[in-house]
Amino acid sequence: MSAEAADREAATSSRPCTPPQTCWFEFLLEESLLEKHLRKPCPDPAPVQLIVQFLEQASKPSINEQNQVQPPADNKRNRILKLLALKVAAHLKWDLDILEKSLSVPVLNMLLNELLCISKVPSGTKHVDMDLSTLPPTTTMAILLYNRWAIRTIVQSSFPIRQVKPGPPQLSVMNQMQQEKELTENILKVLKEQAADSILVLEGALKLNKDLYVHTMRTLDLLAVEPGMVNGETESLTAGLIIKTEEMQCQVCYDLGTVYFQQGSTNSAIYENAREKFFRTKELISKIGSLSLHCSIDEKRLAGYCQACDVLAPSETTSQQSTPYSQIHICMRSGNYQEVINIFLEDNLTLSLPVQFRQSVLRELYQKAQQGNDALDEICFKVSACNTVRDILEGRTISVQFNQLFLQPNKEKIDFLLEVCSKSINLEQASDTLKENMAAFLKNLCLGLDDLQFVFMISSHELFITLLKDDEQKLLIEQMRKRSPRVNLCTKPVTSFYDIPASASVNIGQLEHQLILSVDPWRIRQILIELHGMTSERQFWTVSSKDFVHAKQLFAACLELVTEFSPKLRQVMLNEMLLLDIHTHEAGPGQSGERPPSDLISRVRGYLEMRLPDIPLRQVVAEECVAFLLNWRENEYLTLQVPAFLLQSNPYVKMGQLLAATCKELPGPKESTQTAKDLWEVVVQICSISSQHKRGSDGRISLIKQRESTLGIMYRNELLSFIKKLREPLVLTTILSLFVKLHNVRENFVNEITAEHISIWPSSIPNLQSVDFEAVAVTVKELVRYALTINSNNHSWLIIQADIYFATNQYSAALHYYLQAGAVCSDFFNKAVPPDVFTDQVIKRMIKCCSSLNCHTQVAILCQFLREVDYKTAFKSLQEQNSYDAMDSYYDYIWDVTILEYLTYLHHKRGETDKRQIVIKAIGQTELNISNPEEVLQLAAQRRKKKFLQAMAKLYF
């Protein structure tokens, strides 16, 4: 053995892939060391790494004698390197799944272009213009490989990619990554421009009826060693690795299906092409077998594509066997909503469709209904009813949408709901749990209805009678009687004043209707005699409301009847007429701000001061009278002219006096006044609780119950009912701020609620344990909800509502109300929001909301709104990479140059050139130049504040 051969043998045994530096690629080729290396069980470096190394070496630019950079030279060394790369790909059997997974787009593009070149595909000729049937098999296969890769790359580029968190920045690495990114984008642009041609090429391949061959390491060797044999063995019909026709067609069908499916998002008709290709792929797989060596298809993914296409473009031949998903899709497209309801009804028995899918169908119908299609309102209710019964059967709660749609029940809705319930449960096969769930639903449905006829429809239904036992039905009747004296489920025939053949329930309903419409006193007397002959458990004066004109006629008739023989009853009638006149004014002229006539105010005062013995005084009348005086700002009377005995005997007058006196002092000194302290103590006493104890058999005292204290002038629910009759903004603000202050006494600063005039109240309570703070929190929520029904544009009340949501971690809702508060006092942010509305505390809470919602760019922008810009929070938020907002689209709203400069540095460090350019453009705006006059800078800031807040409002409203 020669010395040179010995050296080579030693190099081969120790490091087979790293021979001497001189001409080592030629050495590797000549000695077949590449084949030996690739045949190892776990070759290191791996084949795909070798491809990258070979092509990188071959594509290195050269330097001429003048030290100028030149394109890679077309010399023997570079040709050998490219050939080595092709041989490694041939070793991998040209499996695009492996190559795409491990090679970047630029490298694989270079590799396949070399394959085209060595396969004698003219570089200047379009593939679509070539007749595949006349080309050598290896040439055809090279064209197919390239065009398959082209459309696969286009499809892959449309998928979202999770951004990998970068490590420590290295300038050279980042430059290389940026170059590769730009090169990839350029290649993708070309591939997309040629996509239509690539599809035509592959469609043409499906018409070929012959086996194809792809280059192997041997055929590539022949091309390299003996170039003259290109017309010999390498172009013969049996040169290379055989690819069966079915294998080629199967792979091409699948790849075409994926690109058609992607294009279908912009043109739904193309889904038909995708469906055809995927179903053909399935047929070919069943024919050639899933263990084919040269056809690798993810069958689970294929099944998913087939199912999606079956929904989006079902064929006529398979419509009978189509899935419920596709049937629903067809029905939604064609407007056959009744069939959707039928499918949902069937699914209530099988429970096969996912709940999320059913909800998505309802959302789609809601959207169509909101776009002006009123005919869909009934369909929305029916679909919602089907979904609700499905939820009930599976133990879930009733949705908000159903409650909204069922706010105004009618006979048709009740009938359909009962039909859904009947069709959704098989009583013979249903489990006890399903029966119990359905029975509870029907029972709660009855308890939630006020109309007697609707309750009777449910309680007399066969399903109700079957599911609820007799004792449960009786218990339900008792519950409803306690809840409302107007409801009676008695269906037994009762002897009436007249012989009426219909059922008692129907007669009662008919007579009540006549009672509402009748104004003749004698006819009313006759109807009442009939009604009381049917039942003695009803109060028929409650059957109608707000029918003020008829009510006045009736009271006048009653007054005429009783005046002659009962002065006391006459006074009762006058009191009821006063209440009627108050309601009439409040529902009529009072709505537009017209003050009540002076005689009405005098009658109200007279009622409060009346001291007639043996005259029953209804509490609601006194309550309405005091609320009436507060609403029309009769504070002078309530504070100075109310008789002393009235303050001691009527709690509503006492509460009215304290409220009126406190309101008179506003705005006043910041410290608590005696009047405010008196009102505070009264409310604290009302919200206090007392504990009951008992002594056990062992002599010990044990706590058994806590209840509302009886020491208050009224109970909390009575106070809440009284407050909900108030409409005067100052009075509502005063009592609301009192409850807010009481709520804050126990809370820490983080969960404090802000309100106007909150400083007038005491800051502490001697005995915290005596106050029911849970009831106080509930009261605050109810009061602010009520206040916003009076005036939904009161910014102070909106801030309170926002603070409540903030304290309970409902950040999106909190932002909604903070922004609404700013919008109502700034003409939707066209003017500056007053600083007493968007205080630093409000801005900081908005920042906390955005941070909790992962909207970190919004956080940085809001940090500018503070009196002193919070750079620390802004910079920290901008460093977050999992931001859910649009990030760079918000950069135009930043006016603080320091924050913009930090963003420039941040994007440069991350190698995000596009975003950095956006920031640089934002900094370069002349109005942000720090040399500008202060007025110009303030105007620029105000303009950006306006646009940002308007964008936020559109996002959260």
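The rules we used
Residues numbered from 1 in each chain as written. Predicted model: local features only at pLDDT ≥ 70, side-chain atom pairs only at ≥ 80, totals over all residues. Heavy atoms only, no water. Helix = DSSP H or I, 4+ residues; strand = E, 2+ residues; numbered from the N terminus. Contact = heavy atoms within 4.5 Å. Areas by Shrake-Rupley, 256 points an atom, 1.4 Å probe, with all protein chains shown as cover. Salt bridge = Lys/Arg side-chain N within 4 Å of Asp/Glu carboxyl O. Buried < 20%, exposed > 50% of the residue type's maximum accessible area, 1.4 Å probe, protein only. Core = buried A, V, L, I, M, F, W, Y, C linked by side-chain atoms within 4.5 Å. Expected span 1.5 Å × (residues − 1). Phe/Tyr/Trp six-rings, centres within 6.5 Å; stacked < 30°, edge-to-face > 60°. Axes fitted to C-alpha atoms, helices over the stretch in contact; angles between N-to-C directions. Parallel < 35°, antiparallel > 145°, perpendicular 65-115°, else oblique. Nonpolar A, V, L, I, M, F, W, Y, C, P; charged D, E, K, R; others polar. Polar contact = N/O pair within 3.5 Å; in protein donor to acceptor, adjacent residues only side chain to side chain. pLDDT = per-residue confidence, 0-100. Disulfide = S-S within 2.5 Å.

Participant: Explain the overall build of the protein chain to me, using residue names and the numbers behind them.
Facilitator: If you tally the helices and strands in the protein chain, you get 45 helices and six strands. A separation of at least 24 residues holds for 66% of the contacts in the protein chain among residues at least 6 apart in sequence. Just so you have it, the protein chain exposes about 51000 Å², and 52% of that area is on carbon and sulfur atoms.

Participant: I'd like to hear about the pattern of salt bridges, residue by residue, with values.
Facilitator: Scanning the model with the defined rule gives 31 salt bridges in all. Close ionic contact of Arg 603 with Asp 581 constitutes a salt bridge, the shortest N to O distance being 2.8 Å. Of this pair, Arg 603 sits in helix α29 (residues 598-609) while Asp 581 sits in helix α28 (residues 567-587), placing them 22 residues apart in sequence. One salt bridge in this structure joins Arg 867 and Asp 840, with 3.3 Å as the shortest N-O distance. On the criterion of sequence distance, the pair formed by Arg 867 in the loop between α41 (856-862) and α42 (871-879) and Asp 840 in helix α40 (residues 840-852) is long-range, its members being 27 residues apart. By relative accessible area, Arg 867 is classed as exposed at 60%. Each of Asp 347, Arg 358, Arg 390, Asp 391, Glu 394 and Arg 396 takes part in one network of salt bridges that share partners.

Participant: Kindly report on the nonpolar core, identifying the contributing residues and their values.
Facilitator: Counting 122 residues, the largest nonpolar core has Phe 722 and Phe 739 as the members making the most contacts within it. Non-local contacts of Phe 722, meaning those with residues more than four positions away in its chain, are made with Glu 623, Val 626, Ala 627, Leu 630, Tyr 652, Met 655 and Leu 659. Counting residues in each nonpolar core, the second largest holds 77 residues, with Ala 58, Val 121, Trp 149 and Ile 151 among its members.

Participant: How would you sum up helix α13 (residues 271-288)? Please name residues and give values.
Facilitator: Between its terminal C-alpha atoms α13 stretches 26 Å, which fits the 26 Å expected from 18 residues at 1.5 Å a residue. Inspection of α13 places Tyr 271, Ala 274, Arg 275, Lys 277, Phe 278, Thr 281, Leu 284 and Ile 285 among the buried residues, and these make up the whole buried set. Just beyond α13, the residue with positive phi is Gly 289, at close to 90 degrees.

Participant: Describe the environment of Phe 357, listing the residues and the values that go with them.
Facilitator: Along the chain, Phe 357 turns up in helix α17 (residues 355-370). Leave out the neighbours within four places in its chain, and Phe 357 touches Tyr 325 and Ile 328.

Participant: Explain helix α36 (residues 729-744) residue by residue, including any values.
Facilitator: With 16 residues, α36 extends 22 Å from end C-alpha to end C-alpha; this agrees with the ideal 22 Å at 1.5 Å per step. For α36, a buried count of 14 out of 16 residues is recorded, marking the element as mostly surrounded by other parts of the structure.

Participant: Could you give an account of the environment of Thr 839, naming the residues involved and the relevant values?
Facilitator: Along the chain, the position of Thr 839 falls in the loop between α39 (811-824) and α40. For Thr 839 and Phe 865, which are 26 residues apart along the polypeptide, the C-alpha to C-alpha distance reads 9.3 Å.

Participant: Lay out the packing of aromatic side chains in plain terms, naming residues and giving numbers.
Facilitator: As enumerated under the stated definition, the model contains 18 aromatic pairs in all. Plain terms: the ring middles of Phe 875 and Tyr 902 are 4.2 Å apart, the flat faces sit at 20 degrees to each other, and that makes the pair stacked. Of this pair, Phe 875 sits in helix α42 while Tyr 902 sits in helix α43 (residues 897-910), placing them 27 residues apart in sequence. Judged by its relative accessible area of 14%, Tyr 902 is buried. Aromatic side chains Tyr 890 and Phe 948 sit 6.1 Å apart centroid to centroid with 70 degrees between the ring planes, which places their arrangement in the edge-to-face category. In this pair, Tyr 890 is assigned in the loop between α42 and α43 and Phe 948 in helix α45 (residues 934-956), connecting sequence segments 58 residues apart.

Participant: Let's hear about the packing of helix α20 (residues 411-423) against helix α21 (residues 432-447): which residues, and what values?
Facilitator: Contact geometry for α20 and α21: axes closest at 11 Å, N-to-C directions at 170 degrees. In terms of orientation, α20 lies roughly antiparallel with respect to α21. In this structure, α20 uses Leu 417, Leu 418 and Cys 421 to contact α21, whose residues at the interface are Met 438, Phe 441, Leu 442 and Leu 445. In terms of residue class, the contact of α20 with α21 is built from seven nonpolar, no polar and no charged.

Participant: Can you lay out the packing of helix α16 (residues 337-350) against helix α18 (residues 376-393) for me, pointing to particular residues and giving the numbers?
Facilitator: What describes two packed helices is the angle between their axes and the distance between those same axes. Direction vectors running N to C along α16 and α18 enclose 10 degrees, while the axes themselves pass 10 Å from each other. The angle between α16 and α18 places the two elements in the roughly parallel class. Residues Tyr 337, Ile 341, Phe 344, Leu 345, Asp 347 and Asn 348 of α16 touch α18, and the partners they reach there are Leu 376, Ile 379, Lys 382, Val 383, Cys 386, Asn 387, Val 389, Arg 390 and Leu 393. Here the contact of α16 with α18 is built from residues that sort into ten nonpolar, two polar and three charged.

Participant: Tell me about unusual backbone geometry, and name the residues and values.
Facilitator: Negative phi characterises most residues that are not glycine, and trans characterises most peptide bonds. Positioned with a positive phi, Leu 351 is a non-glycine residue whose angle comes to about 55 degrees. With respect to the helices, strands and loops of the structure, Leu 351 is situated in the loop between α16 and α17. The class of Leu 351 is partly exposed, set by a relative accessible area of 32%. Positioned with a positive phi, Asn 809 is a non-glycine residue whose angle comes to about 65 degrees.

Participant: Talk me through the side chain of Thr 153; I want residue IDs and the actual numbers.
Facilitator: Here Thr 153 lies in helix α8 (residues 137-157). Judged by its relative accessible area of 8%, Thr 153 is buried. With near-sequence residues (within four places) excluded, Thr 153 lies in contact with Val 105, Leu 188 and Leu 191.

Participant: How would you explain the side chain of Arg 358 if you had to name every residue and give the values?
Facilitator: With respect to the helices, strands and loops of the structure, Arg 358 is situated in helix α17. For Arg 358, a relative accessible area of 2% puts it in the buried group. Within polar-contact distance, the side chain of Arg 358 engages the backbone oxygen of Phe 344 at 3.5 Å. Polar contacts involving the side chain of Arg 358 include one to the side chain of Asp 347, which spans 2.7 Å.

Participant: Talk me through the environment of Glu 728; I want residue IDs and the actual numbers.
Facilitator: Among the structural elements, Glu 728 can be located in the loop between α35 (716-723) and α36. The exposure class assigned to Glu 728 is buried, which follows from its relative accessible area of 13%. Spatially, the C-alpha atoms of Glu 728 and Ile 790 are 9.0 Å apart, while their sequence positions differ by 62 residues. Those residues within four positions of Glu 728 in sequence are excluded, and the remaining contacts are Leu 630, Asn 631 and Arg 633.

Participant: Break down the confidence of the model for the protein chain for me, with residues and values.
Facilitator: On average, the protein chain scores 80 in pLDDT, and the residues at 70 or more come to 83%. Here helix α1 (residues 3-14) stands out as the least confident element of the protein chain, with mean pLDDT 40; α40 is the most confident, with 94. Across residues 1-27, where pLDDT falls below 50, the model places 23 contacts with residues more than four positions away in sequence or in other chains. For residues 484-502, every residue scores under 50 in pLDDT, and the model assigns this stretch 35 contacts once sequence neighbours within four places are set aside.

Participant: Can you lay out the state of the cysteines for me, pointing to particular residues and giving the numbers?
Facilitator: When the sulfur atoms of two cysteines share a covalent bond, that bond is a disulfide. If you walk through the whole model with that rule in mind, you get zero disulfides. Free of any disulfide, Cys 309 has its nearest cysteine sulfur in Cys 306, 6.8 Å distant. Under the relative-accessibility criterion, Cys 309 is labelled buried at 0%.

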